[in-house]
Structure formats: C-alpha cells, structure tokens
There are 2 protein chains.
Amino acid sequence: MADEMILHNIGKLITFPGEGPVPGGSMNEPLIIEDAAVTIGEGKITGVGPGKDIWDQADLSKDAECIDCNGKCVVPGFVDPHTHLVFGGSREFELGMKLGGASYLDILNAGGGILRTMKDTRALTVEQLVEQMDRRMNKMMIYGTTTVEIKSGYGLDVDTELRLLEAIGASNHPMDRVATFLGPHAIPPEYRYDPDGFLDLMISMLPQISRSGLAEYADIFCERNVFDLEQSRRFLTAAKEAGLKLKIHSDEIANLGGTSMGAELGAVSADHLLVSNDKDLEAMRKNGTIPVLLPGTLMTIFEDRIPRAIEMMEMGLPVALATDLNPNCMVESLQLIQALACYRLRMTPNQVLAATTANSAAAIGMGDRKGRIKEGYDADILILKEGSFDHVVYNFGVNHVDTVIKGGNVINRDIGW
Amino acid sequence: MADEMILHNIGKLITFPGEGPVPGGSMNEPLIIEDAAVTIGEGKITGVGPGKDIWDQADLSKDAECIDCNGKCVVPGFVDPHTHLVFGGSREFELGMKLGGASYLDILNAGGGILRTMKDTRALTVEQLVEQMDRRMNKMMIYGTTTVEIKSGYGLDVDTELRLLEAIGASNHPMDRVATFLGPHAIPPEYRYDPDGFLDLMISMLPQISRSGLAEYADIFCERNVFDLEQSRRFLTAAKEAGLKLKIHSDEIANLGGTSMGAELGAVSADHLLVSNDKDLEAMRKNGTIPVLLPGTLMTIFEDRIPRAIEMMEMGLPVALATDLNPNCMVESLQLIQALACYRLRMTPNQVLAATTANSAAAIGMGDRKGRIKEGYDADILILKEGSFDHVVYNFGVNHVDTVIKGGNVINRDIGW
C-alpha cells in the first residue's frame, strides 16, 4: 500500500527513543533528527529519518500530499492523560469566592464547586454533553492535543454516569479518547449521610461498565472529606476484579496513603501528588505507576507549593503532565501546562516534552502507539511555528502549533473556535 | 460626517466610568451595558449605549459596516504600558541555565543576558529591527493589544539607541506606539569601569531625543549592580529638564529608593515594585505615579514573592499591568498576564481589566483617548468569543479575542502569524 502523505523539509524533528515511558531526569534525552522527513500511510507513520533517506525509500501514491514544513520543528501530537472535560455549565462566577480566600473544600462544603457542576451536568442529554465536549476538544486540538483521557464523575448517579461515558464514545470528534469511570469523584447530596452506600452503588456499576467497554479505567478521589483510604482500596480492588485498569486521585491536599495503595494495586497512574512522601514515590517506582502532575490546578487553587517533579525524575520516575481540564481548572492548552511545568516545577523543555508525549501516552496505556514519531505509531504529529520546542515554553501564552496532523489527516487550526 | 461602522448585538459591553486612571480596590467598578451598540466614525467612537438608543440616534453612511457581535462581550482594546519589544535575537537557550538555578544577575555577570541581546541588536539595521518588531506586534494584536509602550535599551551606544527609537516610529504596523528612551538599561562592556561616563553619554542624548520627538518618555533601570539611586536621580532630572516624561524600573530585586525618588520627580509610572515599602507606595499616591506590575517576569525569573497589588489598590492606587515583553520574558499576550495577575497577585477580573485598559492607558499618558469605550475615544475595541470578561481569566491559556477593531478598522485575527 503506497504512502498517502510526506512531511518534508522538517528543520528539527524531536521525539524520544525506545518505547513506553521515558525515565526522568538525566536519562531524558530526546532523539533529534535535523533536515528530516516523515511518511504516512493509512493513518500510521511508515517512515521517519533524514529527508534524503526518506525521499529515497518513500513509496508515495500518485495523489500523495506533500507538506513542506518550511524548516520548522516537528514534535509528536500532545497526549493529555487527565481531564474531566465532559460536564455541563461553567463556574467562572466562583473566581470571586476563590479570590476572597475560599478553599476548594470551602466551596465544596458551601454547596458550590463540584455539586453545582453535578446539577448542571445531570440536566443534559448525551447530545448536549457531546456538543460541549466537542467545543472543548476543538480548543485542545488547535493547541496541539491529539489524544485525551476523559473521566466521568459529574453525574454522581447511575444514569448520568452512564450517560457521560456514553457521550465520550458517541462524539465524532477526531480527537482520540480514553474513557475513565470516576463515579466516586465526590459524595452526592442524596448520600451525604451514607457515603458507603454511594460507594456500593458505584461499585455495582463496575461489571457492566467493563463488559460494555464504556470505560477502560476506573478512578477515585482519595482525599480528606471525600473517600478515605479503605473506601478507595475497596473501589479499586472491585474495579480491578471487574477487569478495569486503575488510576487514582491522591495526595492533592492530604496524604491518606492513596498513592502507595494505588501503586500496590497496579494503578497505571497516580495523579496530583502534591503531598506525596518518599514511600509513595518508591511505591510508584516499584510498581511502574506513572506520576501525573497537574500544574494548572495549582494555579487555580492558589497553591504555592509544588509537587516533587525533580526528585521524581531523579529517581527515574517517568513524570507525565496533564491539564486536569475541569470546571475548577479551565485549561485546554497543554502548551500552557508545559510552560507552568517549566517555570513553576522547574522541569526542562525536554522533560516537559517527554511528559506530554511519550510519558503521558504511557499514563493512559497507549505508549505503544501514541506519543512518539516512530514507524508503526499513529500519525499524530504537530508542525510548530518555530524551529525549536524550547521556544514553546520560552515564548509562552501564545499558540505555537501551526498544523495538526491527526491520524494522517491535516486538521486546520481554525476548526470552528 | 456620517458614521462608518456600528457594532451591534453586544451582549455585554464593559468599560470604566469617568476618565483617567481608575482608583483600585473596592472603588474599581466597571460600567456594564447589556444589549449594547457602538458607532464609529473617522477612527473615533461616536456613540456608546443600549442598542435601541444607538440605532435610533445613529447617522450611518450608506456603506457603513454593520458588525453583529452575536451577543458576545465587548471590551476596550488592551494597552500594554511596559515592553522592550524592539531587539535582535532570541534567548531561549538561557532556559537551561535558569533551570539550573542561575539568577538574572548571574546570567548578566556571566556575559549572557542583556549583553547578549545588545550584541544581537547592534548588528541590525532599522529595517531588520522593524521586521522583528512587527512580528511581535502581530502576535500582541491577535491577543488583543492595540496600544503599546516600547522602550529602547538594547543598543547601549548612541547610534544603536537612536536606531531603536527610529525603528519604533518607522514601522507601518497598525499598533499604536509610545516610545521610551531607556538608554541606561545596563552598563555596556565598553563602560564597565566607567558607569558614570556611560550615564553622561546617555544624558547627552536627551535634548536631541526630546527635540526630535523620537521618544516621549525617559526611563532608567535603578537596581543593585546597574544604576544606583543618585545616578538614577541625575538621569531622570536631566530628562525632565529636556522635556521628557519620566518612568522608572525600580524595586525589582533590591529597594534602592528609586520608586520614591521617581514619584517625587513626577514620574508617570514606576514599574516592577516587587520590594517596594510603605513609603514608596505613599510617594506614588501623593504624586499620582501609577504602579505598573509585571507578573510574567516573576514567572520567568522564578520569583515566588509577589508585589503588593492588593494593598496598592486598597490605598487607592490605580494598579496597571504589562507584559514586560523582552528576551528574558517572551510574553506577548496580555490575556496571559491578566490570568497571572488574577491567580498569582489575587486581583479580581474587574481589577485586571482596569489594569490593562484605563489604568495602563494612563500609565503612558493616554488616559484621555485610550483604554475606554467612550464617545470621543479612539475606536480600539475587542469582540470576545465569550459572553463575559471573567471567562478570559477563568479559561486561561487560549485566545479569547475574536475580532480586533483598531482605530475603526477590522483587523483579522489571522494577520500573518
């Protein structure tokens, strides 16, 4: 089968060698090819290398598309491994409360926060959810994201949680999606005095969700005033038995032991990790659990502390980064997260690139086909407006993505938003 | 003369009442008109009000342009009152040094930093400078900036400083520009052992710069290892005598007394102000000096402390915000600065809007014609993609500007970048 596309005149192609997650810190060296070209056939990458070699070996179809990259930098499409992007409504009105000093838990306890979104979400049909989701995914893709993980968790009842998972699958958007069931994201008002009853209800959904393929992962918010360690263990153990892969929200505000517990159960990732301790980091390393850090959320909850990104990388952990896109952190752009990780977490440009491509793909179990520019991998590729990736974090706050190639198709950057 | 344009179906028009700077804090209430319209003639705003009234009173020319704002939010074009956007080269390679812990002064002392940019800048002709400047102004305008202040200061010799000021005036870009002579921005290597000799040289340029109209303001970097308090006073006093208006870079790293001294000399603004004390704030209030805060720079120099924005506003100071766009803080987007001011400095959305429109216009002496949507003011207006301005800071990292109206002309948001 002849190739349908060639990207040529690439000034600098940056990807990572090998496959799977890239261990952090000093080992984190990218693979850089100058004057490169890439061939694409049937949505997959068929060749990557110096332009001269690729032109020589290319088997292009008669009407193959030749894209001149004008000497610019080309990187893998970004993978966002932690979002809550399917929900109803907007919570911009809470900014005032937060600027007045209210904490995330204050707002939650005052009946705002997640419970407000729950009401707005329960009111929507699958079609309405898809419409809001697509609008957010348009923005994400314009800014370079080509694959996302999406969690349910704003329904907090059986019907709405299923509707959310259905919406994730129902959209025709070109964005690749991985669905995570996060039923135990908060305790809904109906179960205020019976959190274990709610947890039982969510656990009862697991076999159906797994069988139907509505979600690939299960996740729980292990946090003070939400679900404690034993509740979290109970839910994740049941999810594992039902055949789902695991994730955990842990150590965002209080350290309840969720990270270590999740890692021991084989969680693919543990996310947030602001207050993780040495034991948690070691448990992640031992079990191959990927730390997913969320610097956008630190901004929107006015948190001055930072997670231990540098130490994690020095231990060899493959740090991944995500937007955490949700009504309390309305950030679609992984480019912004890359800059925050650099300026706030002190990760280098190469480290943030690994953290939003190879490592974030591994954090959603797609390290074997996403997050690299490599033969056989999906043809999700970004042509930047500049000659280096460093420029993306150096010159932050503007969109550096010129062209998105998604599954071998050119997505115009003006796709309706 | 009939009007040439009407913006109608504006869901929410936000501007500020009165004229001149808006005192901060609790007094900082915007003027909001719902279902509004605006008429424009000869580049000026000719009418603002409820759509019904404006349609009734409008005197539109036969071929007047009618722009439907689709119920979205409309705000004044943003004014960026502190930039160094005319320079040569790029310093993205310093990110690594900075992530390794080098301070601004470390990099400066190691011969990098500003002296590297000086070399790259000296090598350029006026035409080359204009080309780089225009590219940066394109990005700024796409993100909503319609007026900028631009400082010289990367030439650090007579010829190049004059060339920089010439470039600011020579560009045909639609962006409105105010030029500031910042000759004493650093001590060039030629004068390493004779800083006063360099200062004398810069002072000797002042009469010519004032007479020729090449700059409207003079500015100096009053800082440890740069220019001390007495040198700064000497320069600003001479600039004032030459007929230039004054600005000062003060209290960024060390407090040398520059803010109080500048305010007492009648400086229009004092900028940075990270380590200003009570006396400095009081001197600004007494003398009508506007504090210009630069939260982007705090990020790029890895500074965790913040300037006293809230206290300044509570004292009634009209806080302004700017990008500080320079090779050490490559930020064109005032939308990003607005978000950082909100999440880091804890200013409210209304306060950041005042700080980037009415107050930033006042900080460059243009409060009587820029920074408001008001009859007689320049027709610099933004149509946002959303129905509120809060959304710009809530949903940060993406461009919320749909259409830029600059001096009554529609600037397409895809103007070549």
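For the structure, see preceding data.
The structure displayed is predicted, hence computed values, not measured ones.

Here is what the cut-offs are and how they apply
Residues numbered from 1 in each chain as written. Chains lettered and ligands numbered in written order. Predicted model: local features only at pLDDT ≥ 70, side-chain atom pairs only at ≥ 80, totals over all residues. Heavy atoms only, no water. Helix = DSSP H or I, 4+ residues; strand = E, 2+ residues; numbered from the N terminus. Buried < 20%, exposed > 50% of the residue type's maximum accessible area, 1.4 Å probe, protein only. Contact = heavy atoms within 4.5 Å. Areas by Shrake-Rupley, 256 points an atom, 1.4 Å probe, with all protein chains shown as cover. Lys, Arg positive; Asp, Glu negative; His and termini not counted. Charge placed at Lys NZ, Arg CZ, Asp CG, Glu CD. Pairing = 2+ DSSP bridges. Axes fitted to C-alpha atoms, helices over the stretch in contact; angles between N-to-C directions. Least-squares fit on C-alpha atoms with pLDDT ≥ 70 in both. Buried area = accessible area lost by both parts, 1.4 Å probe. Salt bridge = Lys/Arg side-chain N within 4 Å of Asp/Glu carboxyl O. Polar contact = N/O pair within 3.5 Å; in protein donor to acceptor, adjacent residues only side chain to side chain. Nonpolar A, V, L, I, M, F, W, Y, C, P; charged D, E, K, R; others polar.

A. Just the overall build of chain A, in detail. Scanning chain A for helices and strands turns up 16 helices and 16 strands. Reported as C-alpha extents along the three principal axes, the dimensions of chain A are approximately 70 × 45 × 45 Å. Burial statistics for chain A: of 417 residues in total, 64% are counted as buried. Contacts in chain A between residues far apart in sequence, at least 24 positions, make up 73% of those at least 6 positions apart. Within the structure as shown, chain A displays about 14000 Å² of accessible surface, and the carbon and sulfur contribution to it stands at 48%. Here chain A contributes 38 positive and 58 negative side-chain charges, whose respective centroids are spaced 3 Å apart.

B. Broad picture of the sheet that holds strand β11 (residues 269-272) of chain A. Residue and element names in this part refer to chain A. Spatial ordering of the open sheet is given by β6-β7-β8-β9-β10-β11-β12-β13, a layout of 8 strands whose pairing is parallel. Both edges of this open sheet fall to β6 (78-80) and β13 (320-321), since each of them pairs with a single strand only. Where β11 and strand β12 (residues 290-293) come together, 3 bridges link them in parallel fashion. Opposite Ser-269, over in β12, you have Ile-290 as the bridge partner. Relative to the sheet, helix α6 (residues 158-170) contacts β7 (145-151) and β8 (176-181), its axis offset from that of β8 by approximately 165 degrees. The strands that helix α8 (residues 229-241) touches are β8, β9 (217-218) and β10 (245-250); relative to β10, the one it contacts most, it runs at about 165 degrees.

C. Looking closely at the relation of the copies chain B and chain A. Rotating chain B by 180 degrees about the axis while translating it 0.0 Å along that axis superimposes it on chain A, leaving an RMSD of 0.0 Å. In short, the pair behaves as if placed about a two-fold rotation axis. The C-alpha atom lying nearest the rotation axis in chain B is that of Gly397(B); the distance is 2.9 Å. When you check the interface residues of chain B against chain A, 100% turn up at the interface there too, and the contact is symmetric in its surfaces.

D. Structural context of the interface of chain B and chain A. Contacts between the two partners involve 45 residues from chain B and, on the opposite side, 45 residues from chain A. Summed over both sides, the interface of chain B with chain A buries roughly 4100 Å², with 58% coming from carbon and sulfur. Its largest share of buried area at the contact with chain A, chain B owes to Tyr343(B), Tyr394(B) and Phe396(B), together 18% of the area lost on that side. With a closest N to O distance of 3.6 Å, Arg344(B) and Asp304(A) form a salt bridge. For the pair chain B and chain A, the interface holds 20 residue pairs in polar contact (both at pLDDT 80 or more). Among the elements of the structure, α2 (94-99), α5 (126-142), α11 (295-300), α13 (334-343) and α16 (390-394) of chain B are those that each provide at least two residues to the side of chain B that touches chain A. Here the side of chain B that touches chain A is composed, by residue class, of 19 nonpolar, 12 polar and 14 charged.

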